[in-house]
Amino acid sequence: MLLAHLDRLPALGVGMVYWPTLDPLLFAPDSPIDLIEVEPQTLWYKVADAQSPYVVGDHVIDRLQFIPQKKILHSVGLPVGGQSLPNPEQLTLLSHFCEEIGALWASEHLSFNRVEEASGSWDTGFLLPPLQNQAGLAAAVANIRALQAQLQVPLSIETGVNYLQPHAEDWSDGEFMAAVATEADCGILLDLHNIWTNQRNGRQSVAEFLAQLPLERVLEIHVAGGEEYAGYWLDAHNGLVQPELMEIARRVVPQLPNLRAIVFEVSPLLIEKVGLEAIHRQLLEIQEIWALRSTEPFVCPQRTLGQKPHSEIEIDQWTQILGAMATRTVNPQRSLEKRLAADPGLGVLQHLIAAARSGTVVNALPWTSELLFLAIGGPAYQEILQEFWQVSPPRMFGGEEAADFTNYLQSCHLDIPYLSDILAYEQAQIRSINLRKSVEIECKSDPLLIVECLAAGEIPQNLDASGYRLQVALN
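K.L.:
Which parts of the structure should I look at to understand the overall build of the protein chain?
P.N.:
Assigned secondary structure in the protein chain consists of 18 helices and 16 strands. Computed over C-alpha atoms, the radius of gyration of the protein chain comes to 23 Å, within 12% of the 23 Å expected from 2.2 N^0.38 for 475 residues, which places it in the range of a compact globule. Here the C-alpha coordinates of the protein chain stretch approximately 80 × 60 × 45 Å along the principal axes. Within the span of the protein chain, comprising 475 residues, buried residues form 52% of the whole. Intrachain contacts of the protein chain at a sequence separation of at least 6 include 78% that bridge at least 24 residues. Total accessible area on the protein chain is roughly 20900 Å²; 51% of this is exposed by carbon and sulfur atoms.

Below, the structure is given as structure tokens:
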């Protein structure tokens, strides 16, 4: 069905993941950006409304509609490689968001970020690799079909990064991706940096992966930069594209008969670090690669995949065990637990999840974090975070993670002056967003004076503690 409707999808060109700091490039007369890829969940927030828990401000949609480039959507909150069907509340907003910004197609990750157990469900705080066997295939296809049913545009699935070592029971990366895309009848978002990262970290080579892929289903390419960590190459999006990856793109693009876009993925920190001029030069180089695409009809060769290994692992077992071991300390007892514990890639996942959770707390509670750093030091603060992670699973949205961390800090009864006041102030800021109205709090000391001291890198001293009542509202 996908291939029969390709004529409705225009060839867009070269684009970037959208961040507001790109605006000078987007609105330049000679802009090298043909399209923007919007990650919707990064623009949403969760509110205290059981009927509509996820919200995006009208000003966000208005802003995106004003941007002259074409838009596509790249979801980062409904990965299809796990045991859970897509969250219905997110699906509703995703479909609305896609329609409002005029997205021409959508994409999601062949990963999982949610675990279902008898006691309830919880987030992993990070995209984790799927189970690559028949059970994993069946789950992914069901999830893709459920997601596609809610969207009015074609859907592609991204080729993921996987820091775990390949195992004899697993289907190869290329075989699994090919089977998922074919059975679900969806497009493929070929993330070249992901599969190059996998090759560098000891998984399937880029050449073998591409040889197994139905290349006629590739609608989009991602390129990005990364960094080294503990002998691994990370898909960090914090660098310009490496020359070797550019050469791979030059060889691959002419083989993709239905390619519609190449997107450069960057973090806002990279834009800040290298500047828009360097981003502009990088985009011009990618434009040269885009020009290599074939405009002639191309018949992809028939691919026959070899016999796949048999695996007894079930999807629930995989997500529950990997999710638990990646997010907290587990004493390995079962065979899969022992297999994962022996895999050095598990430590990479644990590091990435810890970094993501640390960043979430600092972003959501910046002044609380600053006070803790100043009062007890970085190592002691990190110990508190690690103890918190053992008792509290990750959350998808920063406000929820901040609320859990606040409750944990209060249970610790730390003897740090002004901690309770700054916690109350920052929680009120979050609640004012969640409730969409102002929130009144009472503090011993003026939280605005506390913030003033912390902003100067100083621990507050001898502030008036006679009591303050404050109305907190965020626009």
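K.L.:
What am I meant to see in the sheet that holds strand S5 (residues 70-74) here?
P.N.:
Strand pairs in the sheet, formed through backbone hydrogen bonds, run parallel or antiparallel to each other. Taking strand neighbours around the barrel as the criterion, the eight strands line up as S1-S2-S5-S6-S9-S10-S11-S14 in a closed arrangement whose pairing is parallel. Within the sheet, the average angular offset between the axes of one strand and its neighbour, ignoring direction, is 30°. In the sheet, strand S6 (residues 106-109) pairs with strand S9 (residues 155-158) via four bridges, with the strands oriented parallel. Residue pairing for S9: Ala-106 is matched across the bridge by Leu-155. Set on the sheet, helix H3 (residues 88-101) makes contact with strand S2 (35-38) and S5; between it and S5 the angle comes to about 165°.

K.L.:
Sorry if this is basic, but what is going on with the nonpolar core here?
P.N.:
A general tendency of soluble globular proteins is for nonpolar side chains to be buried together. One finds Leu-190, Leu-192 and Phe-264 to be the most contacted residues of the largest nonpolar core, which totals 79 residues. The contacts of Leu-192, once residues within four sequence positions are left out, are Ile-221, His-222, Val-223, Leu-245, Ile-248, Ala-249 and Val-252. Counting residues in hydrophobic clusters, the runner-up holds 30 residues, among them Ile-384, Phe-388, Tyr-418 and Ile-422.

K.L.:
Where do I start with the pattern of salt bridges in this structure?
P.N.:
A side chain with one charge can pair with a side chain of the opposite charge if their charged atoms come near. Applying the stated criterion across every chain, the model contains 16 salt bridges. Note that Arg-281 is salt-bridged to Glu-277, the shortest N-O span being 3.3 Å. Separated by four residues within a single helix, Arg-281 and Glu-277 lie in helix H10 (residues 276-290), roughly one turn from each other. Judged by its relative accessible area of 60%, Glu-277 falls in the exposed class. Its salt-bridge partner being Arg-357, residue Glu-401 comes within 2.7 Å of it at the nearest N-O pair. Here Glu-401, found in helix H16 (residues 398-412), pairs with Arg-357, found in helix H13 (residues 344-364); they are 44 residues apart in sequence, far enough to count as distant.

K.L.:
Looking at this structure, I do not really get the packing of aromatic side chains. What am I missing?
P.N.:
Counted under the stated rule, the structure contains 10 aromatic pairs. A ring pair is formed by Tyr-54 and Phe-397, whose centres lie 5.3 Å apart and whose planes are at 40°; its orientation type is tilted. Highlighted residues: Tyr-54 in strand S4 (residues 54-55) and Phe-397 in the loop between helix H15 (378-391) and H16, separated in sequence by 343 residues. Ring centres of Trp-171 and Phe-176 lie 6.1 Å apart, and the angle between their planes is 65°; this geometry places the pair in the edge-to-face category. By the burial criterion, Trp-171 is buried, and Phe-176 matches it. Among the aromatic residues, those joined into a ring-pair cluster are Phe-373, Tyr-381, Phe-388, Phe-405 and Tyr-408. Above the ring of Trp-196, the side-chain terminus of Arg-200 is found at 4.7 Å from the ring centroid. The side chain of Lys-308 reaches across the aromatic face of Trp-171, ending 5.0 Å from its centre.

K.L.:
When you look at the packing of helix H6 (residues 192-200) against helix H8 (residues 243-252) in this model, what are you seeing that I'm missing?
P.N.:
Packed helix pairs are characterised by how far apart their axes lie and by the angle those axes make with each other. Put simply, H6 and H8 touch, their axes get as near as 11 Å, and they point 120° apart. Put simply, H6 runs oblique to H8. Remark: the crossing between H6 and H8 carries right-handed chirality. Between H6 and H8, the residues in contact are Leu-192, His-193 and Trp-196 and Glu-244, Leu-245, Ile-248, Ala-249 and Val-252, respectively. Residue composition of the contact of H6 with H8, by class: six nonpolar, one polar and one charged.

K.L.:
It is not clear to me how the side chain of Asn-194 should be interpreted in this structure. Could you clarify?
P.N.:
By the element assignment, Asn-194 lies in helix H6. The exposure class assigned to Asn-194 is buried, which follows from its relative accessible area of 2%. At 2.9 Å, the side chain of Asn-194 and the side chain of Glu-158 are in polar contact. In this structure Asn-194 touches Glu-158, Thr-159, Gly-160, Val-161 and Asp-235, once residues within four positions along its chain are discounted.

K.L.:
Explain the environment of Ala-179 here, please?
P.N.:
Among the secondary structure elements, Ala-179 is positioned in helix H5 (residues 173-184). Aside from chain neighbours lying at most four places away, what touches Ala-179 is Leu-137 and Trp-171.

K.L.:
Is there a simple way to explain the pairing of strand S14 (residues 261-265) in this structure?
P.N.:
Where a strand is regular, its side chains alternate between the two sheet faces. Where burial is concerned, most of S14 is hidden: five out of the five residues are buried. Here strand S1 (residues 13-17) pairs with S14 via four bridges, running parallel. Following the sheet pairing, Met-16 is matched in S14 by Phe-264. Two strands pair when backbone bridges link them, and strand S11 (residues 218-224) and S14 are joined in this way by five bridges, in the parallel orientation. Bridge pairing links Ile-221 to Ile-262 in S14.

Procedures and definitions
- Residues numbered from 1 in each chain as written.
- Predicted model: local features only at pLDDT ≥ 70, side-chain atom pairs only at ≥ 80, totals over all residues.
- Heavy atoms only, no water.
- Helix = DSSP H or I, 4+ residues; strand = E, 2+ residues; numbered from the N terminus.
- Rg over C-alpha atoms; globule rule 2.2 N^0.38 Å.
- Buried < 20%, exposed > 50% of the residue type's maximum accessible area, 1.4 Å probe, protein only.
- Contact = heavy atoms within 4.5 Å.
- Areas by Shrake-Rupley, 256 points an atom, 1.4 Å probe, with all protein chains shown as cover.
- Pairing = 2+ DSSP bridges.
- Axes fitted to C-alpha atoms, helices over the stretch in contact; angles between N-to-C directions.
- Core = buried A, V, L, I, M, F, W, Y, C linked by side-chain atoms within 4.5 Å.
- Salt bridge = Lys/Arg side-chain N within 4 Å of Asp/Glu carboxyl O.
- Phe/Tyr/Trp six-rings, centres within 6.5 Å; stacked < 30°, edge-to-face > 60°.
- Lys NZ or Arg CZ within 6 Å of the ring centre and 35° of its normal.
- Parallel < 35°, antiparallel > 145°, perpendicular 65-115°, else oblique.
- Left-handed = near helix turned anticlockwise from the far one by under 90°.
- Nonpolar A, V, L, I, M, F, W, Y, C, P; charged D, E, K, R; others polar.
- Polar contact = N/O pair within 3.5 Å; in protein donor to acceptor, adjacent residues only side chain to side chain.

Taken by themselves, the reported measurements are silent on function.
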